[in-house]
Amino acid sequence: MGDLRDEKKFVINFSAGPAKLPETVLRQAQKEMVDYQDTGVSVMEMSHRSADFSKILNTAEQNLRELLEVPDNYKVMFLQGGGTGQFSAVPFNLMKLKPGESNAAVFVFVLRALNLYMINLFPLHAPSNLTPLCSDFPAIPEPSTWNLNPEASYVYYCANETVHGVEFKTIPETNGVPLVCDMSSNILTRPIDVSKFGVIFAGAQKNIGCAGVTVVIVREDLLGHAMDLCPSIFNYQVQASNNSLYNTPPTYSVYIMGLVFNWIKGQGGVASMDRNSSVKSSAIYTVVEESEGFYCCPLDAACRSRTNLPFRIGSVEGNDALEKKFLEEATKAGYLQLKGHRSVGGIRVSLYNAVSVEEANLLAGFMRNFMAENRHLLDSPTQ
Ligand SMILES: *Cc1c(COP(=O)(O)O)cnc(C)c1O
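The name given to the protein in an unreviewed UniProt entry is Phosphoserine aminotransferase, with Elysia chlorotica as the source organism. Of the comments in the UniProt record for the protein, the one headed Cofactor (unreviewed entry) reads "pyridoxal 5'-phosphate". Looking at the protein in UniProt, the text filed under Pathway (unreviewed entry) is "Amino-acid biosynthesis; L-serine biosynthesis; L-serine from 3-phospho-D-glycerate: step 2/3."

Structural data, given as structure tokens:
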């Protein structure tokens, strides 16, 4: 086959991010790294205003528009600062602060993202200005209980919470209030109706490419309302009117992102990623469900993420010794980066677009074997 497998040991990378890239993308980047398409220079060495780089940037934008069917009245930007940068950029650009008005924004919550989001807002607002809609995991609260403020500047939510593995399967209805969505960990894994959103943003390092570039999609009527103190690199109007070239964009990350978009198109587009996502996540959740309590996932099945699948071994609290053994044996077998987020522990399988159905099935097989070999240890008093 001549792919990278010939040159490196067998591994499957289940990292939550930065995450696996398609092998063909890495192979092409390797081929072009020193001499990009006979230019004699690397993309890393090119002016961001050169014709060659403009083509890379514009083609990437065109392909993303096609993949997500982005309507014409939306701007697509490729910015720096990551998802975390957008936690600040969103209020800088959208929050209407009028003196004496208590309303700022309403947030449909997802825990870690909301916490980060609020921490990033602290310099700007007293927390009392925020209206977080909280619930306890493992479920997303019923929409009828949300009590959204119709005067809010925007409603913010995270489409897929990467740490606990909670995913919205439908788009929240906000009755005209602009909807802002952090899609960092599930963008391009399912078709979305972009016209329902005011702003969509996503860091690249999960489904889009390598770290460094952040995709921001903004409806045009939301441009031009930034607060005076908004830094210019985060000002959507400034960046949109400069075609993401107000300052130097992360050029190499933009290039890799473009290769990934080509790869997704070649695989059959977002519809195909969507089908794969269902098949891959079902393969893992089926093992969990049929394990008779050996593997435990406490999440409501209706909101289980297809891209980040956390589970414990033995009980919802987990069995430290068995989880450690699982991770050690998995690593030895080539199944990498399965450790749960440090704040929750346990196991987490991340199944972004670059992880194939075959690879998810291999892990499901490993999980079945591990269960068969270790179930007797669950009741052992020494564990
Ligand atoms: C990874 C992630 C982030 C953080 O992105 P950075 O690029 O590290 O700032 C934010 N939101 C979600 C949902 C994520 O998965």
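Student: With reference to specific residues and values, describe the overall build of the protein.
Tutor: From N to C terminus, the protein includes 9 helices and 14 strands. The buried share among the 383 residues of the protein stands at 55%. Sequence-distant contacts in the protein: of pairs separated by 6 or more residues, those separated by 24 or more amount to 70%. Surface accessibility of the protein: about 16900 Å² in total, with carbon and sulfur atoms responsible for 52%.

Student: Break down the site of the ligand for me, with residues and values.
Tutor: The environment of the ligand is formed by Gly 82, Gly 83, Thr 84, Phe 87, Cys 158, Asn 160, Thr 162, Asp 182, Ser 184, Ser 185, Gln 205 and Lys 206. Here a nitrogen atom of the ligand and a side-chain polar atom of Asp 182 are 2.6 Å apart. With 4 residues, helix 3 (residues 82-94) is the largest single contributor of residues to the shell around the ligand.

Student: Explain the packing of aromatic side chains to me, using residue names and the numbers behind them.
Tutor: For the structure on display, the rule yields 16 aromatic pairs. When the ring of Tyr 157 is compared with that of Phe 168, the centres are 4.8 Å apart and the planes differ by 70°; the resulting orientation is edge-to-face. Taken as a pair, Tyr 157 in strand 5 (residues 155-158) and Phe 168 in the loop between strand 7 (166-167) and strand 8 (179-182) lie far apart in primary sequence, 11 residues in all. Like Tyr 157, the residue Phe 168 is buried in the burial classification. Relative to Phe 326, the ring of Phe 311 lies with its centre 6.1 Å away and its plane at 90°, an arrangement referred to as edge-to-face. Taken together, the positions of Phe 311 in strand 12 (residues 308-313) and Phe 326 in helix 8 (residues 320-333) put the pair 15 residues apart, joining distant regions of the chain. One exposure class covers both Phe 311 and Phe 326, and it is buried. A connected cluster of aromatic rings, assembled from ring pairs, spans Phe 10, Phe 14, Phe 294, Tyr 295, Phe 311, Phe 326, Tyr 335, Phe 366 and Phe 370.

Student: Account for the pattern of salt bridges, with residues named and values stated.
Tutor: Enumeration over the complete set of coordinates arrives at 13 salt bridges. Note that Arg 190 and Glu 167 form a salt bridge whose closest N and O atoms lie 3.3 Å from each other. Of this pair, Arg 190 sits in the loop between strand 8 and strand 9 (199-203) while Glu 167 sits in strand 7, and the two are 23 residues apart along the sequence. Across the pair, exposure class does not vary: Arg 190 and Glu 167 are buried alike. A salt bridge links Arg 304 to Glu 289; the shortest N-O distance between them is 2.7 Å. Here Arg 304, found in the loop between strand 11 (295-296) and strand 12, pairs with Glu 289, found in helix 7 (residues 269-289); they are 15 residues apart in sequence, far enough to count as distant. Of the residues examined, Arg 304 reaches a relative accessible area of 12% and is grouped as buried. For Glu 289, a relative accessible area of 55% translates into the label exposed.

Student: Could you give an account of the nonpolar core, with specific residues and numbers?
Tutor: For soluble globular proteins, nonpolar side chains are generally found buried alongside one another. Core analysis: the biggest nonpolar cluster contains 51 residues, and Leu 68, Phe 78, Leu 188, Ile 208, Ile 217, Tyr 255 and Met 257 have the highest contact counts within it. Looking at this core, the element that brings in the most residues is helix 6 (residues 251-266), giving 10 residues. For this core, the two domains that each supply at least three residues are domain 1 (12-23 + 269-379) and domain 2 (25-265). Excluding residues within four positions of it along the chain, Ile 217 makes contact with Leu 68, Val 70, Tyr 74, Lys 75, Val 76, Val 194, Gly 198, Val 199 and Ile 200. Core analysis: the second largest hydrophobic core is formed by 34 residues, Leu 299, Ala 360, Leu 363 and Met 371 among them.

Here is what the cut-offs are and how they apply
- Residues numbered from 1 in each chain as written.
- Predicted model: local features only at pLDDT ≥ 70, side-chain atom pairs only at ≥ 80, totals over all residues.
- Heavy atoms only, no water.
- UniProt positions renumbered as here; feature names shortened; annotations may be inferred.
- Helix = DSSP H or I, 4+ residues; strand = E, 2+ residues; numbered from the N terminus.
- Buried < 20%, exposed > 50% of the residue type's maximum accessible area, 1.4 Å probe, protein only.
- Contact = heavy atoms within 4.5 Å.
- Areas by Shrake-Rupley, 256 points an atom, 1.4 Å probe, with all protein chains shown as cover.
- Near = heavy atom within 4 Å.
- Polar contact = N/O pair within 3.5 Å; in protein donor to acceptor, adjacent residues only side chain to side chain.
- Phe/Tyr/Trp six-rings, centres within 6.5 Å; stacked < 30°, edge-to-face > 60°.
- Salt bridge = Lys/Arg side-chain N within 4 Å of Asp/Glu carboxyl O.
- Core = buried A, V, L, I, M, F, W, Y, C linked by side-chain atoms within 4.5 Å.
- Domains from an automatic or database assignment.

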